[in-house]
Amino acid sequence: MTMIDGKAIAVRHERIDDAAAGQRIDNYLMRIAKGVPKSHVYRILRSGEVRVNGRRVQQTYRLAEGDEVRIPPLRVAQAERSAPAPAGKPLPVVYEDDALLVIDKPSGKAVHGGSGVSYGVIEQLRVQRPELRMLELAHRLDRETSGLLIVAKKRSALTALHDMMREGRVEKRYLTLVPGRWANALQHVKAPLHKYLTAEGERRVRVSEDGKPAHSVMRLVRRWRDYSLLEVELKTGRTHQIRVHLAHLGFPLCGDDKYGDFALNKRLEAEGLKRMFLHAAMLSFAHPLTGEVLSFEAALPAELQAFLTHLDIQERGHG
């Protein structure tokens, strides 16, 4: 038995429930023992101090419902106390069942805490829905991107959704506004993307031959004198994929503060567009547990629709 701050910390035995089933043992240990260094987690796995149903297991072992996990005493770093995420307004739920929920994320809200953000959508959902044993993001949206976001309520659903996304079996379509007159009704963009850090330590992405394969399908929806509205279908899900692909082609997203035209963004802000014009408008996939085909759409937020109306008025003014 180990003593920490005068408290006895003993061996634990945990029974795996449906929420944790399907998760790798190393990821499970890091989730339930926050503050324990990764190196220590892997050391106790290698040494056999962690046992599942009385047997040693590899770090890649996937837990099954009903497994009994023996966890040795762990020295947890004393974490700084942080304020819990406020419940805030209920997030708009588009769909929900026992396995997952789909929300219509507002722009300006991060999907999770970190990088200077104390909390995000997932932390807020956990406060709003304390009765749920598990809530995990199935994928991510950039902070300024609005629209459809899938959250898993079961580990089995999360694992299946990750497999489906990796295999390209989740259809995701976005709406974005770009400056200039887009020419092609349909255009496939295949340009590999490489992640890097700037001198200031900020995460960025660029097109590079040594990057990971990335495939976007652009469709022209509407065109004005100086702008084009595009629907973008993602065949891969790389970080900042739409933003970087379009900037690489000379059509940076309106309002994009990382890859955009900064002088244009200032003019757009004066005209009423005060955010990046990128909206996750459509999702379609087979339910990860039942196989039922699910399709969802999220209308453009009011502020984006208002800017398109502004363009219509300008267009009529130009005759």
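Visitor: Lay out the overall build of the chain with the relevant residues and their values.
Guide: The helix and strand inventory of the chain stands at seven helices and 17 strands. The proportion of buried residues among the 319 residues of the chain is 43%. Counting only contacts in the chain whose residues sit at least 6 apart along the sequence, the fraction spanning at least 24 positions is 62%.

Visitor: How would you sum up empty space enclosed by the protein? Please name residues and give values.
Guide: Under the definition given, this model contains one cavity of 30 Å³ or more. In this structure, the largest cavity encloses a volume near 30 Å³. In terms of lining residues, the largest cavity is bounded by His139, Leu141, Leu148, Lys172, Arg173, Tyr174, Ala280, Met282 and Leu283. Within the residue set of the lining of the largest cavity, elements represented by two or more residues are β10 (171–179) and β16 (278–286).

Visitor: Mind laying out unusual backbone geometry, listing which residues take part and the relevant values?
Guide: Even without being glycine, Asn53 reaches a positive phi, approximately 55°. The topology assignment puts Asn53 in the loop between β4 (51–52) and β5 (68–71).

Visitor: I'd like to hear about a positive patch on the surface, residue by residue, with values.
Guide: On the surface, Lys195, Arg203, Lys212, Arg238 and Lys258 cluster together into a positively charged patch. In this structure, Arg203 sits in strand β13 (residues 203–207).

Visitor: Please provide a residue-by-residue account of the packing of aromatic side chains, values included.
Guide: What characterises a pair of aromatic rings is the spacing of the ring centres plus the angle enclosed by the ring planes. In this structure the tally under the stated criterion is three aromatic pairs. Aromatic pair Phe285 and Phe296: ring centres 6.2 Å apart, planes at 50°, arrangement tilted. Taken together, the residues span a long stretch of sequence, with Phe285 in strand β16 and Phe296 in strand β17 (residues 293–297) at a distance of eleven residues. One aromatic cluster in this structure is built from Tyr95, Phe285 and Phe296. Taking NZ or CZ as reference, Arg206 lies 4.4 Å from the ring centre of Tyr196, over its face.

Cut-offs and rules
Residues numbered from 1 in each chain as written. Predicted model: local features only at pLDDT ≥ 70, side-chain atom pairs only at ≥ 80, totals over all residues. Heavy atoms only, no water. Helix = DSSP H or I, 4+ residues; strand = E, 2+ residues; numbered from the N terminus. Buried < 20%, exposed > 50% of the residue type's maximum accessible area, 1.4 Å probe, protein only. Contact = heavy atoms within 4.5 Å. 1 Å grid on protein atoms, 1.4 Å probe; cavity = no way out; pocket = protein on both sides within 12 Å on 5 of 7 lines; lining within 4 Å. Points joined across faces, edges and corners; volume = space filled by probe spheres on them. Patch = residues over 30% accessible without salt bridge, like charges linked within 9 Å, V, L, I, M, F, W, Y side chains within 5 Å. Areas by Shrake-Rupley, 256 points an atom, 1.4 Å probe, with all protein chains shown as cover. Salt bridge = Lys/Arg side-chain N within 4 Å of Asp/Glu carboxyl O. Lys, Arg positive; Asp, Glu negative; His and termini not counted. Charge placed at Lys NZ, Arg CZ, Asp CG, Glu CD. Phe/Tyr/Trp six-rings, centres within 6.5 Å; stacked < 30°, edge-to-face > 60°. Lys NZ or Arg CZ within 6 Å of the ring centre and 35° of its normal.

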